[in-house]
Amino acid sequence: MPGRRQETPLTVINRFTVRGDTGRFERAFREHSQYLRGRPDFDFLVTVRLVERPDVYVHLGHWRTTRGFLDTVHEDDFHGYVRKLGPMVDAEADQAVSEGRVLRGEALVGAENVVLTRARTFGGSDSSAFRRLFAETTEYFAGLDGFGGSDLLRSTLHPGTWTGVHWWRDTGDCERALAGRGHVSLLARMRNTADVEVERTRHVAYERLLS
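Fair warning: this is a prediction, and the values are worked out from it, not measured in the lab.

## Things to note about the pattern of salt bridges
Pairing between side chains of opposite charge can happen when their charged atoms approach one another.
Here's step 1: Inspection of every chain in the model, using the stated rule, returns 24 salt bridges.
Here's step 2: Glu 197 is the partner of Arg 118 in a salt bridge, and the nearest nitrogen-oxygen pair spans 3.6 Å. Here Arg 118 is found in strand S5 (residues 114–121), whereas its partner Glu 197 is found in strand S8 (residues 194–208), with 79 residues between them in sequence.
Here's step 3: A relative accessible area of 29% means that Arg 118 is categorised as partly exposed.
Here's step 4: Where salt bridges share partners, they join Arg 15, Glu 92, Arg 118, Glu 197 and Glu 199 into one cluster.

## Considerations on the packing of helix H2 (residues 22–37) against helix H4 (residues 76–85)
Here's step 1: With their axes 10 Å apart at the nearest point, H2 and H4 run at an angle of 165 degrees to one another. Of the possible angle classes, the one that applies to H2 and H4 is roughly antiparallel. Every pair of crossing elements has a handedness; the one defined by H2 and H4 is left-handed. In contact with Phe 25, Ala 28, Phe 29, Glu 31, His 32, Tyr 35 and Leu 36 of H2, H4 contributes Asp 77, Phe 78, Tyr 81, Lys 84 and Leu 85.

## Some points on the packing of aromatic side chains
Here's step 1: One pass over the structure, following the stated rule, counts 14 aromatic pairs.
Here's step 2: Centroid distance Phe 130 to Phe 134: 6.3 Å. Interplanar angle 40 degrees. Geometry classified as tilted. Taken together, the residues span about one helical turn, with Phe 130 and Phe 134 both in helix H5 (residues 128–142) at a distance of four residues. Of the two residues, Phe 130 and Phe 134, neither departs from the other in class, the shared state being buried.
Here's step 3: Three or more aromatic residues link up through ring pairs in this structure, and these residues are Phe 16, Phe 25, Phe 29 and Tyr 57.

Conventions adopted
Residues numbered from 1 in each chain as written. Predicted model: local features only at pLDDT ≥ 70, side-chain atom pairs only at ≥ 80, totals over all residues. Heavy atoms only, no water. Salt bridge = Lys/Arg side-chain N within 4 Å of Asp/Glu carboxyl O. Helix = DSSP H or I, 4+ residues; strand = E, 2+ residues; numbered from the N terminus. Buried < 20%, exposed > 50% of the residue type's maximum accessible area, 1.4 Å probe, protein only. Axes fitted to C-alpha atoms, helices over the stretch in contact; angles between N-to-C directions. Parallel < 35°, antiparallel > 145°, perpendicular 65-115°, else oblique. Left-handed = near helix turned anticlockwise from the far one by under 90°. Contact = heavy atoms within 4.5 Å. Phe/Tyr/Trp six-rings, centres within 6.5 Å; stacked < 30°, edge-to-face > 60°.

Without other data, these values stay purely geometric and don't point to any function.
Shown next as structure tokens:
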């Protein structure tokens, strides 16, 4: 059984609050990202920057297997990058699995077109109502122009904690979708099931495994 769990996909979610020069951080973090892209069983990465808190970055590293991630974090090179980045940031980390990914199109890098939904469901692990409403929200967005897709990530470290991701082709499509009455109503209902925070972000990077 432990071996089988190590073969399951994993998403590592890192939230960095940069202490100083964000440009310096982005350059250093890109070096780290390129290292990850060359690791066995790495799949793809997404990096975003909060619109209202431009000192905060969120990085989603998707791995084809948990084993690939665990092997990587034991490498000396990995720890070298961590030591380099550590003084630049205050960091929060989580690990999650996807409970439902919808892929329609890509989001332009540089646009404010990615939305994060951070949620902690009331009652801990009973998240069925929240999951249903997140799926309804995705269906609503899918009927609008420019919708690119969604992912719903369940924390494996913190029961009842979720990270939802929606993305659009560009900034305008995202803004119109969020302002729609359908989204406003669904968000209000979602907040009856969980402590929900919605964050607009700028799309910094989307890159796949190096071939």
